[in-house]
Amino acid sequence: MEVFDRARELGIQAEFVDGQGHRHVTGEAALGAIIDALPAELPRRLLAGAAVIRAGQPPRTPLGEAARFPVRWKIVANPEVTAPKVIAEGEASDGAIVWPPDLPIGAHRLQLVDAASLAEEAPLLVAPPRAYGGDFDRCWLLAVQLYSVRSARNCGIGDFTDLEALIALAADLGAGGVGLNPLHVLFDDRPGDCSPYSPNSRLFLNPLYIDVEKLPGASLDRSAVAELRQGDIVDYAAVAELKWRALRSAFEKFKTDAAAGDRREFEEFRAERGPALARFACFEVLRHKFRKPWWDWAKPWRQPDEARCARLRQGKDGAAIEFVEFVQWIADRQLRDCRDLAANLGMKVGLYLDVAVGVQSDGFDAWNEQAAISRHLAVGAPPDALNTAGQNWGLAGFNSAGLLMTSFAPFREMLRASMRYAGAIRLDHVLGLKRLYLVPHGFAANNGVYVQMPFEALLAVTAQESVAHRCVVIGEDLGTVPEGFREQMADWGIWSYLVMMFERDDRGAFRGPDHYATNALVTLNTHDLPTYAGWRSFSDLKLKRSLGIDPGESDDARWHALTMLTDTLRHHGIHRHDLYAVTEFLARTRSRLLAISLEDLLGVIDQPNIPGTVDEHPNWRRRLPLAVGDIAAAIDAAALKVATRQRSAATI
């Protein structure tokens, strides 16, 4: 079959118009590599994919043209919550199945047989009408890069005890929560690979955020700790060496002298996280043993195997496996303490966590979910005005066929891993729920394709988990957005993500407060954009030029933007242009969540990350200028409370 015909069958969009209006046609070699990297799909004649039933909507699912009627159908209940049993069955005599009312919300299995004895199975997702909408009117969040936090007691990197201090500070200022960079686990033996958006796994936590001093038996080199606290850049290698040594000594103490309550809690955690935790621990031990990507391991280990992992645990590697589980238990316990503190302080959101769009191809998730995650393909973006060559983020993402084969369990587990701690999460590059721009390894970023995803099914799973966890879901919907995408997201109750820096009209004027959607998070900037102080001082333009990067903006354009901002603020009766003036403007928008970055409140010039750089800039490494205990005195708390008074829990 001709490669372009095969691509169309698989939902691959080999021809598209990029963000600059240019038409692209993917080359045959790249297209063939993409097709080869995707799992083979079973032919489907009765049903195109997953069946989605949404409460309050007509319960009707069309059948394929090849179906021979009557078609008998049977629904087997969600095996996660009950033993397999048939909860409904019936027969369709025309082009669609009309479902019975009041099917239980959940992920069920649908079994179909037509008059020609053709049998198929598919996931059946019964979803609430919308995702969880929050139990607050409007509030604001303090946004923080946790690694950047200084304190008089941490080990040179922000930790969960620092997060408790930030939660208390934010609550005192009237915030409804604290927003954080992704907390996903990275690679313990590659501490320099510190981007929180390039995880080993999205299912587990980064142990470097553990406060090791809270652990009995943890040994620390006090002089090394004191030195690490002084630097302006997080020394990940030194921090990792110090913390992993402390964690191992704490584990030895736990093995020989654990309190009965702690041992019971550890075993409960292992049971709760189930096989995924056991496989992760096994994977980490194997990764250190083989010291090469998992596809080059000894053949028996290239696929996860429960029985083989159990035997590994029974051998000499058992203690190492238990150590990985112990570390995840400690991280989970400390982050849950932060979650509970926010709730006890009356915060309406609590923790707002970011979820990365993909994972490292040699990490646990890609090994664990080889059908649903395509390791040979990298998620990216087509050329646009800011990135004329396109983008390759070097991350492996989900694929449609694999998700369908696994009944969307990997996507569901990814959501649960963050929602267990959070009152709100942000899905990075949420456009990937509808279509992913994928680049095959070895090809340039502008030689990728858009691959269609099972959008409605993924929205249904998101709504299910959002309601179950009472967690608001925000979609980072920046970039080239397909027509109707935001409307469909909003219809399912997924919030938008609005960045004031981008909300400007054709003249460059900033849009007024009425422009902003209600169910959205609004913010001045992002971690990939200049801070307010950096933007006003042109520092971001100067730095990018010094690095040989086109900033995409001239000095004249920046002067024009500053003038437009001043004009917009004055038009709305705000006769200043400092950060608090901008905050007051954003606080007046209808958007129910407002994020204010701690870097902006402290007047930090440098931004956390400059896209397109690796070693040229200290991305994800720069520490805040002040310790967490000194922040309250350094910011103008009174001005902040006045600016946020329309959405604040604090008294002025």
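## Observations concerning the overall build of the chain
Stage number 1. Looking only at helices and strands, one finds 20 helices and 24 strands in the chain.
Stage number 2. Its C-alpha atoms give the chain a radius of gyration of 25 Å, within 12% of the compact-globule value 26 Å for 652 residues.
Stage number 3. Dimensions of the chain, computed from C-alpha atoms along their principal axes, come out at roughly 75 × 70 × 50 Å.
Stage number 4. Looking at the 652 residues of the chain, the share that counts as buried comes to 56%.
Stage number 5. Contacts spanning at least 24 positions in sequence make up 72% of the contacts within the chain whose residues lie at least 6 apart.
Stage number 6. Separation between the mean location of the 73 positive side-chain charges and that of the 84 negative ones in the chain comes to 3 Å.

## Overview of helix 11 (residues 409–419)
Stage number 1. Burial within helix 11 is extensive, with eight of its eleven residues counted as buried.
Stage number 2. Those residues of helix 11 lying buried are Pro410, Phe411, Arg412, Met414, Leu415, Ala417, Ser418 and Met419.

## Some points on empty space enclosed by the protein
Stage number 1. Scanning the entire structure with this criterion turns up six cavities of 30 Å³ or more.
Stage number 2. The calculated volume of the largest cavity comes to roughly 320 Å³.
Stage number 3. Along its surface, the largest cavity is lined by 24 residues, and Ala143, Gln145, Tyr497, Thr526 and His527 are the ones closest to its centre.
Stage number 4. Of all elements in the fold, only strand 11 (139–144), strand 12 (177–180), strand 15 (350–355), strand 23 (520–523), strand 24 (593–597) and helix 18 (598–601) reach the threshold of two or more residues within the lining of the largest cavity.

## Notes on the environment of valine 439
Stage number 1. For valine 439, the position within the fold is in strand 19 (residues 435–440).
Stage number 2. Looking at valine 439, the relative accessible area reads 0%, which means it is buried.
Stage number 3. Excluding residues that lie within four positions of it along the chain, valine 439 makes contacts with His376, Leu377, Ala378, Gln391, Asn392, Ala444, Ala445 and Gly448.

## Brief notes about the packing of aromatic side chains
Stage number 1. One pass over the structure, following the stated rule, counts 29 aromatic pairs.
Stage number 2. Look at phenylalanine 254 and phenylalanine 266: their rings are 5.5 Å apart centre to centre, the planes differ by 90 degrees, and that puts the pair in the edge-to-face class. Taken as a pair, phenylalanine 254 in helix 5 (residues 236–257) and phenylalanine 266 in helix 6 (residues 260–290) lie far apart in primary sequence, twelve residues in all. Taken as a pair, phenylalanine 254 and phenylalanine 266 share a single burial class, namely buried.
Stage number 3. Residues phenylalanine 398 and phenylalanine 411 carry aromatic rings whose centres are separated by 6.2 Å and whose planes lie at 75 degrees to one another, so their mutual orientation is edge-to-face. Note that phenylalanine 398 is positioned in the loop between strand 17 (391–395) and helix 10 (400–405) and phenylalanine 411 in helix 11, a separation of 13 residues in sequence. When sorted by exposure, phenylalanine 398 lands in the same class as phenylalanine 411, which is buried.
Stage number 4. Grouped by ring-pair contacts, the aromatic residues Phe204, Phe280, Phe283, Phe290, Trp297, Phe364 and Trp367 constitute a single cluster.
Stage number 5. When the ring centre of tryptophan 301 is taken as origin, the NZ or CZ atom of arginine 308, which lies over that ring, is 5.8 Å away.

## Some words on the nonpolar core
Stage number 1. Ile12, Leu163, Phe326 and Ile425 are the most contacted members of the largest nonpolar core, which totals 190 residues.
Stage number 2. Of all the elements, helix 8 (residues 318–344) adds the most residues to this core, at eleven residues.
Stage number 3. Sequence-distant contacts of isoleucine 425, that is, excluding residues within four places in its chain, are made with Tyr352, Leu353, Val355, Leu415, Ser418, Met419, Cys471, Val472, Val473 and Ile474.
Stage number 4. Counting 19 residues, the second-largest nonpolar core is a separate cluster that includes Ala51, Ile75, Ala92 and Trp99.

## Digging into the pairing of strand 15
Stage number 1. The buried fraction of strand 15 amounts to six of the six residues, a majority that puts the element mostly inside the structure.
Stage number 2. Two strands pair when backbone bridges link them, and strand 12 and strand 15 are joined in this way by four bridges, in the parallel orientation. Bridge pairing in strand 15 links glycine 179 to tyrosine 352.
Stage number 3. Strand direction decides the pairing type here: strand 15 and strand 18 (residues 424–427), joined by four bridges, are parallel. Among the inter-strand pairings, tyrosine 352 is bridged to a residue of strand 18, identified as alanine 424.

## Some remarks on the pattern of salt bridges
Stage number 1. Applying the stated criterion across every chain yields a total of 52 salt bridges.
Stage number 2. Put simply, arginine 270 and glutamate 322 hold a salt bridge, and the shortest N to O gap is 3.9 Å. Here glutamate 322 lies in helix 8 and arginine 270 lies in helix 6, a separation of 52 residues in the sequence.
Stage number 3. Put simply, aspartate 578 and arginine 576 hold a salt bridge, and the shortest N to O gap is 3.6 Å.
Stage number 4. Each of Asp262, Glu265, Glu272, Asp332, Arg333, Arg336 and Arg420 takes part in a single network of salt bridges with overlapping partners.

## Overview of the sheet that holds strand 12
Stage number 1. The eight strands lie next to each other as 21-18-15-12-11-24-23-22, forming an open sheet whose pairing is parallel. The strands lining the two open edges of the sheet, one partner per strand, are strand 21 (472–475) and strand 22 (496–499). Strand-to-strand twist of the sheet, defined as the mean angle between neighbouring strand axes without regard to direction, takes the value 25 degrees.
Stage number 2. By the bridge criterion, four bridges tie strand 22 to strand 23 in an arrangement that is parallel. By the bridge assignment for strand 23, valine 499 is matched with threonine 523.

## Some words on the side chain of arginine 273
Stage number 1. As for its position among the elements, arginine 273 is in helix 6.
Stage number 2. No salt bridge is formed by the buried arginine 273; its nearest oppositely charged neighbour, aspartate 332, is found at 4.4 Å.
Stage number 3. Within the structure, the side chain of arginine 273 is placed 2.8 Å from the backbone oxygen of leucine 203, a separation counted as a polar contact.
Stage number 4. Ignoring anything within four residues of it in the chain, the contact list for arginine 273 reads Leu203, Phe204, Asp332, Ala417, Arg420 and Tyr421.

## Quick word on unusual backbone geometry
Stage number 1. Geometrically, the link from phenylalanine 69 to proline 70 is a cis peptide bond, its omega value of 5 degrees lying close to zero.
Stage number 2. Tracing the sequence through the fold places proline 70 in the loop between strand 5 (60–62) and strand 6 (71–76).
Stage number 3. Even without glycine at this site, serine 407 takes up a positive phi of about 55 degrees.
Stage number 4. One can find serine 407 in the loop between helix 10 and helix 11.
Stage number 5. For phenylalanine 408, which is not glycine, the phi dihedral falls at a positive 70 degrees.
Stage number 6. One can find phenylalanine 408 in the loop between helix 10 and helix 11.

Rules used throughout
- Residues numbered from 1 in each chain as written.
- Predicted model: local features only at pLDDT ≥ 70, side-chain atom pairs only at ≥ 80, totals over all residues.
- Heavy atoms only, no water.
- Helix = DSSP H or I, 4+ residues; strand = E, 2+ residues; numbered from the N terminus.
- Rg over C-alpha atoms; globule rule 2.2 N^0.38 Å.
- Buried < 20%, exposed > 50% of the residue type's maximum accessible area, 1.4 Å probe, protein only.
- Contact = heavy atoms within 4.5 Å.
- Lys, Arg positive; Asp, Glu negative; His and termini not counted.
- Charge placed at Lys NZ, Arg CZ, Asp CG, Glu CD.
- 1 Å grid on protein atoms, 1.4 Å probe; cavity = no way out; pocket = protein on both sides within 12 Å on 5 of 7 lines; lining within 4 Å.
- Points joined across faces, edges and corners; volume = space filled by probe spheres on them.
- Phe/Tyr/Trp six-rings, centres within 6.5 Å; stacked < 30°, edge-to-face > 60°.
- Lys NZ or Arg CZ within 6 Å of the ring centre and 35° of its normal.
- Core = buried A, V, L, I, M, F, W, Y, C linked by side-chain atoms within 4.5 Å.
- Pairing = 2+ DSSP bridges.
- Salt bridge = Lys/Arg side-chain N within 4 Å of Asp/Glu carboxyl O.
- Axes fitted to C-alpha atoms, helices over the stretch in contact; angles between N-to-C directions.
- Polar contact = N/O pair within 3.5 Å; in protein donor to acceptor, adjacent residues only side chain to side chain.

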